[in-house]
Amino acid sequence: MTVGKIYNTDFAKDNTEICIRQGDNFHVIARGKWYEDHMLNYLNYEVESFTWQDDNKLYIDVSDED
């Protein structure tokens, strides 16, 4: 699954804060709303896992290979 596919789910609404992380130490590589230009750079990254929290935050963990 790619980041772009997660952006197209009900988890990622316009007001959802998204944090894209990479590596075993969960290094943050991007943070913002799905529609912001810098967040769109990650559309094709392969997702290892993701977590949605009740406070409208979405954490997406991507593979180190991207």
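In case you missed it, the structure is sitting above this.
Positions within a chain are numbered from 1, following the residues in the order the chain's sequence is written. Local features in this predicted model are restricted to residues of pLDDT 70 or higher, and side-chain atom pairs are both shown and tallied only at a pLDDT of 80 or more, whereas totals for entire chains, interfaces and linings draw on every residue. Side-chain descriptors were evaluated using all non-hydrogen atoms of the structure, hydrogens and water having been removed beforehand.

A separate point is the pairing of strand S4 (residues 57-62). Each regular strand displays side chains that alternate between the two surfaces of the sheet. Among the six residues that make up S4, five are buried, leaving the element largely enclosed by the rest of the structure. With six bridges joining them, strand S1 (residues 17-22) and S4 adopt parallel strand pairing. Of the residues in S4, the one forming a bridge with Gln 22 is Val 62. Should DSSP find at least two bridges between two strands, the strands are regarded as paired. Secondary structure elements are defined from DSSP: runs of H or I of at least 4 residues count as helices, runs of E of at least 2 residues count as strands, and each element is numbered from the N terminus. In this sheet, S4 lies alongside strand S3 (residues 47-53) in antiparallel orientation, the contact comprising six bridges. Its bridge partner being in S4, Phe 50 is matched across the sheet by Ile 60. Adjacent in sequence and paired antiparallel, S3 and S4 are bridged by three residues, among which Asn 56 carries a positive phi angle near 65 degrees. Any residue under 20% of the maximum accessible area for its type is buried, any over 50% is exposed, and the rest in between are partly exposed; the area is computed with a 1.4 Å probe on protein chains only.

Counting through the fold element by element, Ser 63 comes out in the segment after S4. Whether two residues touch is decided by their heavy atoms; if any such pair falls within 4.5 Å, the residues are in contact. What Ser 63 contacts, discounting residues up to four positions off in sequence, is Gln 22, Glu 46 and Glu 48.

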